[in-house]
Amino acid sequence: METLTIVNGDIHTPTHYGQGSIVIQDDTISEITTDKPPTSGQVIDATGCLVIPGLIDGLVHGGGGCDSMTGEVEDIATIARAHAANGVTSLVIGISSGSMPQINGALAAIAHVVDSPVEDGARILGSYVEGKFGSVAKNGAQNAKYITPPNFEEFHAMWAASDGTLKVISVAPENDENFQFIQHLAAYRTDAYNNIVIAMGHTNATYPQAMAAIDAGVTRATHTYNGMSGMHHRELGAVEAVFAHPAIHAELIVDEHHVQPFWGKHLIQQKGISNVGLITDCTEHAGFPEEEWQKEAVYEPQLDAYRLNIASDSDTATPAATDNQKYIKNGAMWLDVGKPTERLAGAMITLMDGIRNVINWGFSIEETLTMATLTPAQNLGMADSVGSIAPGKTADVVIVDAHLNVQSVILRGKLLKS
(Lines give C-alpha, C1' and ligand atoms only; values in the text may rest on other atoms or scores of the structure.)
Protein backbone atom coordinates (compact mmCIF):
# COMPACT_ATOMS: atom_id res chain seq x y z
CA MET A 1 0.00 0.00 0.00
CA GLU A 2 1.42 3.39 -1.06
CA THR A 3 1.18 6.30 1.35
CA LEU A 4 1.28 10.00 0.46
CA THR A 5 0.98 12.65 3.15
CA ILE A 6 0.36 16.37 2.66
CA VAL A 7 1.70 18.26 5.67
CA ASN A 8 1.57 21.84 7.01
CA GLY A 9 -1.25 22.99 4.72
CA ASP A 10 -4.22 25.20 5.53
CA ILE A 11 -6.98 22.68 4.73
CA HIS A 12 -10.39 23.56 3.28
CA THR A 13 -12.58 20.49 2.96
CA PRO A 14 -14.31 22.81 1.52
CA THR A 15 -15.18 24.12 5.02
CA HIS A 16 -12.17 25.45 6.85
CA TYR A 17 -10.41 22.71 8.80
CA GLY A 18 -7.26 24.68 9.55
CA GLN A 19 -3.63 23.65 9.73
CA GLY A 20 -3.14 19.92 9.46
CA SER A 21 -2.12 16.90 7.43
CA ILE A 22 -3.94 14.70 4.93
CA VAL A 23 -2.92 11.06 4.77
CA ILE A 24 -3.60 9.28 1.47
CA GLN A 25 -3.31 5.55 1.00
CA ASP A 26 -3.30 4.38 -2.61
CA ASP A 27 -6.15 6.38 -4.22
CA THR A 28 -8.15 7.09 -1.07
CA ILE A 29 -8.01 9.69 1.68
CA SER A 30 -7.25 7.84 4.91
CA GLU A 31 -7.41 10.62 7.47
CA ILE A 32 -7.17 14.32 8.18
CA THR A 33 -5.22 14.99 11.32
CA THR A 34 -3.49 17.62 13.42
CA ASP A 35 -1.30 14.92 14.95
CA LYS A 36 2.28 14.39 13.90
CA PRO A 37 2.06 12.82 10.43
CA PRO A 38 3.71 9.53 9.55
CA THR A 39 7.26 9.67 8.27
CA SER A 40 6.94 6.77 5.83
CA GLY A 41 5.96 7.13 2.19
CA GLN A 42 5.91 10.28 0.06
CA VAL A 43 5.52 13.61 1.87
CA ILE A 44 4.46 16.92 0.30
CA ASP A 45 5.11 20.05 2.36
CA ALA A 46 2.28 22.55 1.81
CA THR A 47 3.62 25.25 4.13
CA GLY A 48 2.11 28.63 3.26
CA CYS A 49 -0.46 27.04 0.93
CA LEU A 50 -4.12 26.12 0.92
CA VAL A 51 -5.12 22.51 0.43
CA ILE A 52 -8.51 22.20 -1.27
CA PRO A 53 -10.66 19.50 -2.90
CA GLY A 54 -10.18 18.93 -6.60
CA LEU A 55 -12.62 21.17 -8.47
CA ILE A 56 -15.63 19.83 -10.39
CA ASP A 57 -16.61 21.58 -13.61
CA GLY A 58 -20.11 20.39 -14.49
CA LEU A 59 -20.09 21.60 -18.11
CA VAL A 60 -17.14 21.99 -20.47
CA HIS A 61 -16.96 21.77 -24.24
CA GLY A 62 -13.22 21.55 -24.58
CA GLY A 63 -9.80 22.48 -23.32
CA GLY A 64 -6.12 22.31 -24.22
CA GLY A 65 -6.91 23.18 -27.84
CA CYS A 66 -9.39 20.32 -28.35
CA ASP A 67 -13.16 20.33 -28.89
CA SER A 68 -15.50 17.73 -27.41
CA MET A 69 -17.33 17.04 -30.69
CA THR A 70 -14.53 15.52 -32.76
CA GLY A 71 -15.26 11.93 -31.81
CA GLU A 72 -11.55 11.39 -31.12
CA VAL A 73 -10.59 9.66 -27.88
CA GLU A 74 -7.25 11.46 -27.72
CA ASP A 75 -9.01 14.85 -27.90
CA ILE A 76 -11.10 13.92 -24.85
CA ALA A 77 -7.90 12.81 -23.11
CA THR A 78 -6.29 16.18 -23.92
CA ILE A 79 -9.30 18.01 -22.48
CA ALA A 80 -8.99 15.96 -19.29
CA ARG A 81 -5.27 16.73 -18.99
CA ALA A 82 -5.70 20.47 -19.63
CA HIS A 83 -8.27 20.86 -16.85
CA ALA A 84 -6.37 18.66 -14.39
CA ALA A 85 -3.31 20.87 -14.73
CA ASN A 86 -5.52 23.77 -13.62
CA GLY A 87 -6.89 22.05 -10.51
CA VAL A 88 -10.09 20.60 -12.00
CA THR A 89 -10.08 16.90 -11.16
CA SER A 90 -13.63 15.99 -12.28
CA LEU A 91 -15.46 17.01 -15.48
CA VAL A 92 -18.76 16.56 -17.24
CA ILE A 93 -18.14 17.01 -20.97
CA GLY A 94 -20.77 18.79 -23.02
CA ILE A 95 -22.16 17.69 -26.38
CA SER A 96 -23.49 20.42 -28.67
CA SER A 97 -26.39 19.99 -31.08
CA GLY A 98 -25.34 18.25 -34.27
CA SER A 99 -26.25 15.35 -36.47
CA MET A 100 -26.83 12.04 -34.74
CA PRO A 101 -23.60 10.56 -36.19
CA GLN A 102 -21.65 13.52 -34.78
CA ILE A 103 -23.30 13.27 -31.38
CA ASN A 104 -22.98 9.51 -31.10
CA GLY A 105 -19.35 9.58 -32.18
CA ALA A 106 -18.58 12.19 -29.51
CA LEU A 107 -20.49 10.23 -26.85
CA ALA A 108 -18.58 7.06 -27.70
CA ALA A 109 -15.22 8.84 -27.40
CA ILE A 110 -16.17 10.31 -24.02
CA ALA A 111 -17.38 6.90 -22.83
CA HIS A 112 -14.02 5.39 -23.67
CA VAL A 113 -12.25 7.85 -21.36
CA VAL A 114 -14.89 7.42 -18.63
CA ASP A 115 -14.21 3.68 -18.67
CA SER A 116 -10.43 4.04 -19.07
CA PRO A 117 -9.43 7.23 -17.20
CA VAL A 118 -6.38 9.16 -18.35
CA GLU A 119 -3.66 8.73 -15.75
CA ASP A 120 -2.71 12.42 -15.79
CA GLY A 121 -6.18 13.76 -16.56
CA ALA A 122 -9.31 14.77 -14.73
CA ARG A 123 -11.89 12.09 -14.07
CA ILE A 124 -14.69 12.28 -16.65
CA LEU A 125 -17.95 11.85 -14.73
CA GLY A 126 -19.90 11.46 -17.96
CA SER A 127 -21.28 13.37 -20.92
CA TYR A 128 -23.82 16.20 -21.05
CA VAL A 129 -26.12 16.45 -24.07
CA GLU A 130 -26.88 20.14 -23.97
CA GLY A 131 -28.55 21.48 -27.08
CA LYS A 132 -30.13 18.59 -29.00
CA PHE A 133 -33.48 18.77 -27.22
CA GLY A 134 -33.52 22.53 -26.74
CA SER A 135 -35.67 25.30 -28.19
CA VAL A 136 -34.88 26.95 -31.51
CA ALA A 137 -36.09 30.23 -29.98
CA LYS A 138 -33.29 29.99 -27.39
CA ASN A 139 -30.65 28.04 -29.31
CA GLY A 140 -27.81 30.49 -28.64
CA ALA A 141 -24.65 28.90 -30.07
CA GLN A 142 -26.40 25.56 -30.65
CA ASN A 143 -26.99 24.61 -34.28
CA ALA A 144 -30.74 25.09 -34.78
CA LYS A 145 -30.71 22.77 -37.81
CA TYR A 146 -30.32 19.72 -35.57
CA ILE A 147 -32.52 20.69 -32.63
CA THR A 148 -35.49 18.36 -32.12
CA PRO A 149 -38.15 17.93 -29.43
CA PRO A 150 -37.25 15.42 -26.71
CA ASN A 151 -37.87 11.94 -28.13
CA PHE A 152 -37.03 8.41 -27.12
CA GLU A 153 -35.67 7.26 -30.49
CA GLU A 154 -32.78 9.72 -30.47
CA PHE A 155 -32.30 9.55 -26.72
CA HIS A 156 -31.94 5.76 -26.68
CA ALA A 157 -29.50 5.94 -29.59
CA MET A 158 -27.43 8.44 -27.59
CA TRP A 159 -27.71 6.33 -24.45
CA ALA A 160 -26.42 3.29 -26.33
CA ALA A 161 -23.56 5.26 -27.92
CA SER A 162 -22.54 6.54 -24.49
CA ASP A 163 -22.53 2.99 -23.09
CA GLY A 164 -24.56 4.28 -20.16
CA THR A 165 -22.18 7.15 -19.34
CA LEU A 166 -24.54 9.93 -20.44
CA LYS A 167 -24.73 11.88 -17.18
CA VAL A 168 -26.88 14.95 -17.94
CA ILE A 169 -29.61 15.38 -20.56
CA SER A 170 -30.90 18.92 -21.07
CA VAL A 171 -34.37 19.62 -22.50
CA ALA A 172 -36.68 22.48 -23.29
CA PRO A 173 -39.71 21.36 -21.27
CA GLU A 174 -42.20 23.33 -23.37
CA ASN A 175 -41.41 20.93 -26.24
CA ASP A 176 -42.00 17.80 -24.14
CA GLU A 177 -45.71 17.06 -24.58
CA ASN A 178 -47.30 16.47 -21.16
CA PHE A 179 -43.75 16.05 -19.83
CA GLN A 180 -43.78 12.43 -20.98
CA PHE A 181 -40.03 12.38 -21.66
CA ILE A 182 -39.09 14.04 -18.37
CA GLN A 183 -41.43 11.86 -16.32
CA HIS A 184 -40.17 8.66 -17.93
CA LEU A 185 -36.52 9.48 -17.24
CA ALA A 186 -37.36 10.55 -13.70
CA ALA A 187 -39.28 7.34 -13.03
CA TYR A 188 -36.55 5.05 -14.37
CA ARG A 189 -33.40 7.10 -13.81
CA THR A 190 -32.13 4.78 -11.07
CA ASP A 191 -33.17 1.41 -12.50
CA ALA A 192 -32.49 2.00 -16.19
CA TYR A 193 -30.45 5.17 -16.69
CA ASN A 194 -27.59 5.08 -14.19
CA ASN A 195 -28.96 8.02 -12.18
CA ILE A 196 -29.01 10.37 -15.14
CA VAL A 197 -29.60 14.04 -14.28
CA ILE A 198 -32.44 15.81 -16.11
CA ALA A 199 -31.69 19.46 -16.84
CA MET A 200 -33.74 22.34 -18.23
CA GLY A 201 -31.90 24.49 -20.75
CA HIS A 202 -32.05 26.38 -24.05
CA THR A 203 -35.67 26.86 -23.13
CA ASN A 204 -38.37 29.40 -23.85
CA ALA A 205 -40.71 27.92 -21.23
CA THR A 206 -43.22 30.04 -19.39
CA TYR A 207 -42.95 30.23 -15.62
CA PRO A 208 -45.79 27.69 -15.08
CA GLN A 209 -44.25 25.30 -17.62
CA ALA A 210 -40.83 25.52 -15.99
CA MET A 211 -42.20 25.04 -12.49
CA ALA A 212 -44.24 22.03 -13.63
CA ALA A 213 -41.19 20.54 -15.35
CA ILE A 214 -39.19 20.73 -12.12
CA ASP A 215 -42.03 19.02 -10.29
CA ALA A 216 -42.01 16.36 -13.03
CA GLY A 217 -38.33 15.53 -12.51
CA VAL A 218 -35.98 18.28 -13.71
CA THR A 219 -33.25 18.82 -11.09
CA ARG A 220 -30.73 21.04 -12.88
CA ALA A 221 -30.74 24.32 -14.80
CA THR A 222 -28.37 24.53 -17.77
CA HIS A 223 -26.19 27.67 -17.48
CA THR A 224 -28.81 29.78 -15.68
CA TYR A 225 -29.75 33.05 -17.43
CA ASN A 226 -28.13 32.02 -20.74
CA GLY A 227 -30.47 30.50 -23.33
CA MET A 228 -33.39 30.85 -20.93
CA SER A 229 -36.69 32.74 -20.91
CA GLY A 230 -37.41 35.32 -18.25
CA MET A 231 -35.81 38.48 -16.85
CA HIS A 232 -38.80 40.69 -17.68
CA HIS A 233 -40.70 42.71 -15.12
CA ARG A 234 -44.15 41.65 -16.38
CA GLU A 235 -43.54 38.21 -17.87
CA LEU A 236 -41.95 35.45 -15.81
CA GLY A 237 -40.07 32.58 -17.42
CA ALA A 238 -37.62 29.78 -16.71
CA VAL A 239 -35.10 32.04 -14.97
CA GLU A 240 -37.63 33.01 -12.32
CA ALA A 241 -38.60 29.35 -11.87
CA VAL A 242 -34.96 28.52 -11.15
CA PHE A 243 -34.91 31.27 -8.55
CA ALA A 244 -38.20 30.21 -6.98
CA HIS A 245 -38.12 26.41 -6.93
CA PRO A 246 -36.01 24.84 -4.14
CA ALA A 247 -35.65 21.51 -5.97
CA ILE A 248 -33.43 22.68 -8.83
CA HIS A 249 -29.66 23.06 -8.96
CA ALA A 250 -28.59 26.22 -10.81
CA GLU A 251 -25.48 26.15 -12.97
CA LEU A 252 -23.72 29.52 -13.12
CA ILE A 253 -21.09 30.44 -15.72
CA VAL A 254 -18.49 32.50 -13.89
CA ASP A 255 -16.35 34.07 -16.63
CA GLU A 256 -18.08 37.47 -16.09
CA HIS A 257 -19.02 37.62 -19.79
CA HIS A 258 -21.99 35.25 -19.81
CA VAL A 259 -23.40 36.61 -16.56
CA GLN A 260 -22.72 40.01 -15.05
CA PRO A 261 -21.44 39.75 -11.44
CA PHE A 262 -24.54 41.64 -10.24
CA TRP A 263 -26.80 38.82 -11.42
CA GLY A 264 -24.37 36.10 -10.43
CA LYS A 265 -24.29 37.41 -6.87
CA HIS A 266 -28.07 37.71 -6.83
CA LEU A 267 -28.53 34.08 -7.88
CA ILE A 268 -26.19 32.81 -5.15
CA GLN A 269 -27.74 35.02 -2.49
CA GLN A 270 -31.24 33.86 -3.46
CA LYS A 271 -30.62 30.12 -3.78
CA GLY A 272 -27.69 29.61 -1.42
CA ILE A 273 -24.39 27.82 -1.94
CA SER A 274 -25.98 24.38 -1.66
CA ASN A 275 -28.08 25.01 -4.78
CA VAL A 276 -25.64 26.78 -7.13
CA GLY A 277 -22.86 25.03 -9.04
CA LEU A 278 -20.09 27.05 -10.67
CA ILE A 279 -19.25 26.06 -14.26
CA THR A 280 -17.22 27.45 -17.15
CA ASP A 281 -19.09 26.14 -20.24
CA CYS A 282 -15.64 26.56 -21.75
CA THR A 283 -14.49 25.97 -25.32
CA GLU A 284 -11.36 24.29 -26.63
CA HIS A 285 -9.27 27.34 -25.70
CA ALA A 286 -9.55 26.83 -21.94
CA GLY A 287 -6.16 26.01 -20.50
CA PHE A 288 -4.59 26.71 -23.91
CA PRO A 289 -1.93 29.46 -24.04
CA GLU A 290 -2.95 32.60 -25.91
CA GLU A 291 0.20 32.54 -28.00
CA GLU A 292 -0.72 29.05 -29.22
CA TRP A 293 -4.29 29.69 -30.38
CA GLN A 294 -3.29 33.00 -31.96
CA LYS A 295 -0.99 31.13 -34.38
CA GLU A 296 -4.00 29.84 -36.30
CA ALA A 297 -6.24 32.88 -35.78
CA VAL A 298 -6.58 35.93 -38.01
CA TYR A 299 -6.88 39.28 -36.22
CA GLU A 300 -9.50 41.58 -37.75
CA PRO A 301 -8.86 45.14 -36.49
CA GLN A 302 -12.24 46.52 -37.55
CA LEU A 303 -13.91 43.96 -35.27
CA ASP A 304 -11.23 43.92 -32.57
CA ALA A 305 -11.51 40.15 -32.69
CA TYR A 306 -9.60 37.04 -33.74
CA ARG A 307 -11.32 34.95 -36.42
CA LEU A 308 -11.02 31.20 -35.99
CA ASN A 309 -11.80 28.21 -38.23
CA ILE A 310 -15.19 27.84 -39.90
CA ALA A 311 -17.01 24.70 -38.80
CA SER A 312 -18.39 22.72 -41.74
CA ASP A 313 -22.03 21.77 -42.12
CA SER A 314 -21.10 18.19 -43.05
CA ASP A 315 -22.46 15.38 -40.89
CA THR A 316 -18.89 14.20 -40.24
CA ALA A 317 -17.19 17.55 -39.82
CA THR A 318 -15.26 18.34 -36.63
CA PRO A 319 -15.63 20.45 -34.63
CA ALA A 320 -19.31 21.00 -35.40
CA ALA A 321 -20.85 23.12 -32.67
CA THR A 322 -22.08 25.67 -35.21
CA ASP A 323 -22.11 26.48 -38.89
CA ASN A 324 -21.26 30.12 -38.15
CA GLN A 325 -17.92 31.86 -37.98
CA LYS A 326 -16.21 31.69 -34.59
CA TYR A 327 -14.25 34.58 -33.08
CA ILE A 328 -12.39 35.37 -29.90
CA LYS A 329 -12.80 38.82 -28.40
CA ASN A 330 -12.74 40.24 -24.88
CA GLY A 331 -11.62 36.91 -23.45
CA ALA A 332 -14.56 34.81 -24.70
CA MET A 333 -15.73 32.88 -27.77
CA TRP A 334 -18.29 34.56 -30.00
CA LEU A 335 -20.22 33.77 -33.18
CA ASP A 336 -20.94 36.12 -36.06
CA VAL A 337 -19.02 39.08 -34.67
CA GLY A 338 -20.13 42.33 -36.29
CA LYS A 339 -23.39 40.83 -37.57
CA PRO A 340 -26.92 41.21 -36.18
CA THR A 341 -26.70 37.56 -35.07
CA GLU A 342 -23.59 38.15 -32.91
CA ARG A 343 -23.76 36.07 -29.72
CA LEU A 344 -21.63 34.37 -27.08
CA ALA A 345 -20.54 30.81 -27.81
CA GLY A 346 -18.51 29.80 -24.76
CA ALA A 347 -15.97 30.79 -22.15
CA MET A 348 -12.19 30.50 -22.29
CA ILE A 349 -11.40 30.22 -18.60
CA THR A 350 -10.80 27.25 -16.37
CA LEU A 351 -12.78 26.89 -13.17
CA MET A 352 -9.93 28.12 -10.96
CA ASP A 353 -10.16 31.45 -12.81
CA GLY A 354 -13.89 31.46 -12.11
CA ILE A 355 -13.33 30.86 -8.41
CA ARG A 356 -11.14 33.97 -8.25
CA ASN A 357 -13.96 35.93 -9.89
CA VAL A 358 -16.58 34.76 -7.40
CA ILE A 359 -14.33 35.53 -4.43
CA ASN A 360 -13.92 39.03 -5.87
CA TRP A 361 -17.73 39.32 -5.86
CA GLY A 362 -17.55 39.17 -2.07
CA PHE A 363 -18.06 35.48 -1.28
CA SER A 364 -15.73 33.65 1.07
CA ILE A 365 -13.33 30.99 -0.13
CA GLU A 366 -15.36 28.38 1.77
CA GLU A 367 -18.60 29.44 0.08
CA THR A 368 -16.98 29.59 -3.34
CA LEU A 369 -15.22 26.26 -3.02
CA THR A 370 -18.45 24.61 -1.91
CA MET A 371 -20.12 25.71 -5.14
CA ALA A 372 -17.19 24.33 -7.16
CA THR A 373 -16.87 20.99 -5.34
CA LEU A 374 -19.44 19.58 -2.95
CA THR A 375 -22.60 21.16 -4.40
CA PRO A 376 -22.06 19.90 -7.98
CA ALA A 377 -21.00 16.49 -6.64
CA GLN A 378 -24.29 16.22 -4.77
CA ASN A 379 -26.41 17.17 -7.78
CA LEU A 380 -24.55 14.68 -9.97
CA GLY A 381 -24.96 11.92 -7.40
CA MET A 382 -21.19 11.58 -6.95
CA ALA A 383 -20.71 13.05 -3.47
CA ASP A 384 -19.89 9.68 -1.95
CA SER A 385 -16.59 9.67 -3.85
CA VAL A 386 -15.67 13.22 -4.90
CA GLY A 387 -16.40 16.83 -3.96
CA SER A 388 -14.73 17.11 -0.57
CA ILE A 389 -11.71 16.09 1.46
CA ALA A 390 -12.90 13.37 3.82
CA PRO A 391 -11.77 9.89 4.89
CA GLY A 392 -12.92 7.24 2.43
CA LYS A 393 -13.23 9.61 -0.53
CA THR A 394 -11.11 9.57 -3.66
CA ALA A 395 -7.85 11.44 -3.13
CA ASP A 396 -8.39 14.33 -5.58
CA VAL A 397 -6.64 17.20 -3.84
CA VAL A 398 -5.16 20.50 -5.04
CA ILE A 399 -2.52 22.64 -3.36
CA VAL A 400 -2.70 26.35 -4.19
CA ASP A 401 -0.96 29.49 -3.03
CA ALA A 402 -2.71 32.48 -1.47
CA HIS A 403 -3.67 33.75 -4.94
CA LEU A 404 -5.10 30.35 -5.94
CA ASN A 405 -2.25 29.58 -8.29
CA VAL A 406 -1.95 25.80 -8.58
CA GLN A 407 1.19 24.41 -6.96
CA SER A 408 0.43 20.68 -6.96
CA VAL A 409 -2.41 18.40 -8.06
CA ILE A 410 -3.03 14.97 -6.58
CA LEU A 411 -5.17 12.86 -8.91
CA ARG A 412 -6.60 9.68 -7.43
CA GLY A 413 -3.75 9.59 -4.95
CA LYS A 414 -0.95 10.26 -7.44
CA LEU A 415 1.01 13.50 -7.68
CA LEU A 416 0.46 15.02 -11.10
CA LYS A 417 3.77 15.87 -12.71
CA SER A 418 4.11 19.39 -14.08
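Residues numbered from 1 in each chain as written. Predicted model: local features only at pLDDT ≥ 70, side-chain atom pairs only at ≥ 80, totals over all residues. Heavy atoms only, no water.

**Student:** Which residues make up the environment of Ala 216, and what values do they have?
**Tutor:** Looking at where Ala 216 falls in the secondary structure, it is placed in helix α5 (residues 207-216). Taking the C-alpha atoms as reference points, Ala 216 and Thr 34, 182 residues apart in sequence, are found 47 Å from one another. Apart from the residues lying within four places of it in its own chain, the contact partners of Ala 216 are Phe 179, Ile 182, Gln 183 and Ala 186. (Helix = DSSP H or I, 4+ residues; strand = E, 2+ residues; numbered from the N terminus. Contact = heavy atoms within 4.5 Å.)

**Student:** Before we move on, can you summarise the nonpolar core with the specific residues and values?
**Tutor:** Within the largest apolar cluster, 82 residues are counted, with the highest numbers of intra-cluster contacts made by Leu 55, Phe 155, Met 158, Ile 169, Leu 252 and Leu 278. No other element matches helix α2 (residues 100-115), which puts seven residues into this core. If we skip the residues at most four places from it in the chain, Leu 55 touches Gly 87, Val 88, Thr 89, Ser 90, Leu 351, Met 352, Ile 355, Leu 369, Ala 372 and Thr 373. Ranked by size, the runner-up nonpolar core spans 16 residues in total, among them Ile 24, Ile 32, Cys 49 and Ala 395. (Core = buried A, V, L, I, M, F, W, Y, C linked by side-chain atoms within 4.5 Å. Buried < 20%, exposed > 50% of the residue type's maximum accessible area, 1.4 Å probe, protein only.)

**Student:** Tell me about helix α1 (residues 73-84), residues and numbers included.
**Tutor:** Compared with the 16 Å implied by 1.5 Å per residue over twelve residues, the 17 Å span of α1 between its first and last C-alpha is a close match. If you check which residues of α1 are buried, you get Asp 75, Ile 76, Ala 77, Ile 79, Ala 80, Ala 82, His 83 and Ala 84. (Expected span 1.5 Å × (residues − 1).)

**Student:** Outline the environment of Ala 157, listing residues and values.
**Tutor:** Note on placement: Ala 157 falls in helix α3 (residues 152-161). Classification of Ala 157 by relative accessible area gives partly exposed; the value is 30%. Note: C-alpha distance between Ala 157 and Met 371 (214 residues apart in sequence) is 33 Å. With near-sequence residues (within four places) excluded, Ala 157 lies in contact with Met 100 and Asn 104.

Everything listed here is a matter of geometry and, on its own, says nothing about what the molecule does.
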